[in-house]
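# Coordinates in review
Here is what each chain is made of, one letter per residue.
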Amino acid sequence: MARPNIRQIEAFNAVMKGGSVTKAAELLFVSQPAISKLIQQFESSCGFALFNRGQGRLLPTPEARRLFSETEKFMTGVERIENIARAIRNTERGEISVAAFPALGMRVLPQLLSPFLARRPEVRMTILTQNSPDISQSMLARAADFGISLVPSQAPGIHCRPFVEMSMICALPQSHRLAGLPAIDLAKLDGEPMIALGRDDQSHRVIIEALSHAGAQVETRAEVAMADTACVLVSQGFGFAVVPAMTPMSWSSGGIAFVPIHPPPRMTLWLYTSAWEPTSQLTQGLIDRVQQGLLQASPLFHSPPPRRS
């Protein structure tokens, strides 16, 4: 005895609801002979008659009425599965986790992701804010679906590629003599006190190399781990800082002039994804949203540099 299939159950439910083969054919957008054939197959699978046939009508048997209460639940479950699959396909439902360095993860990333999440109330989001060297560990432990770091990773379980290229800008106290310029040469900061960023990522090296190239000798007044911390000290007049171009997106306390540097020191943001598992449509949609948001937010962001073969 062959097992019934979903199409047969669907035809049976349509006849029970519509009261006739004609109505069932209209509900399912198929021909009447097709419905009759599906009903016959379903009866054969069940092993008993489902309808009494007479005067051009199908009259449900007591067995059919009892069976209908179960097939209706079954089709409701099938519809629910279809809706869930559609939601997943349309990136409307799921769980996703991202690990990002502090300057991005603390404020900028939530700002960029808010519109994405607002349109997807059934998406659960986790943001892990970590120093760049620690992000690879979160990826390897599968605590994050993707990561954005200031350092490239050589870990065999991580696919690492350039994400966006970012310029560094100068944060100056608003009262500083250079604060009103459209752009500054780092040579003009010779002898100035500086709030330096920490050595955990490439920004420290990029800044030191840029100052050296400009011939600017500066006094390191303080060394901090995060750009926000540097900006607090800058706003209090303790010195200048060279910070990522995204910093103004998250700074709202005032007291600082953010001035582009010419020529701009640049560094690369690196995207980490799993080397072993494919990236889900939801994750890829989120990655695209972050990249587009960064590129649109500031002219100091650029497309990823081409990878050399």
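Whatever comes next refers back to the structure up there.
Presented here is a report on the structure given in the accompanying data block. All values reported here derive from a predicted model rather than from experimental measurement.

What the rule picks out here adds up to eight salt bridges. Arg107 is the partner of Asp228 in a salt bridge, and the nearest nitrogen-oxygen pair spans 3.7 Å. With a gap of 121 residues between them, Asp228 in helix H8 (residues 227–235) and Arg107 in helix H5 (residues 102–118) connect regions that are remote in the sequence. The class of Asp228 is buried, set by a relative accessible area of 17%. Measuring nitrogen to oxygen at the nearest pair gives 3.3 Å for the salt bridge that ties Glu209 to Arg205. Taken together, the residues Glu209 and Arg205, both in helix H7 (residues 202–214) and four residues apart, mark about one turn of the helix. By relative accessible area, Glu209 is classed as partly exposed at 46%. Since its relative accessible area comes to 40%, Arg205 is described here as partly exposed.

Next up on the list: unusual backbone geometry. The linkage connecting His262 with the following residue, Pro263, adopts the cis geometry, with an omega of -10°. Counting through the fold element by element, Pro263 comes out in the loop between strand S10 (256–260) and strand S11 (266–274). Within the chain, Phe29 stands out as a residue other than glycine whose phi angle is a positive 60°. Turning to its location among the elements, Phe29 is positioned in the loop between helix H2 (21–28) and helix H3 (32–46). A relative accessible area of 76% places Phe29 in the exposed class. Even without a glycine there, the phi angle at Arg142 is positive, about 60°. Among the secondary structure elements, Arg142 is positioned in the loop between helix H6 (132–140) and strand S5 (146–149). Arg142 gets classed as exposed once you look at its relative accessible area, which sits at 62%.

This part covers the nonpolar core. Within the largest apolar cluster, 71 residues are counted, with the highest numbers of intra-cluster contacts made by Leu104, Ile148, Phe163, Leu269 and Leu294. At ten residues, strand S6 (residues 158–173) tops the list of elements feeding residues into this core. Of the residues that make up this core, three or more belong to each of domain 2 (95–163 + 270–302) and domain 3 (165–266). Residues within four places of Ile148 in sequence aside, it is in contact with Ala99, Ala100, Phe101, Leu104, Ile135, Phe163, Leu269, Trp270, Leu271 and Val290. The next biggest cluster of nonpolar side chains, apart from the first, holds 19 residues, and it includes Ala11, Ala14, Leu58 and Ala64.

Reading the values: rules and limits
Residues numbered from 1 in each chain as written. Predicted model: local features only at pLDDT ≥ 70, side-chain atom pairs only at ≥ 80, totals over all residues. Heavy atoms only, no water. Salt bridge = Lys/Arg side-chain N within 4 Å of Asp/Glu carboxyl O. Helix = DSSP H or I, 4+ residues; strand = E, 2+ residues; numbered from the N terminus. Buried < 20%, exposed > 50% of the residue type's maximum accessible area, 1.4 Å probe, protein only. Core = buried A, V, L, I, M, F, W, Y, C linked by side-chain atoms within 4.5 Å. Domains from an automatic or database assignment. Contact = heavy atoms within 4.5 Å.

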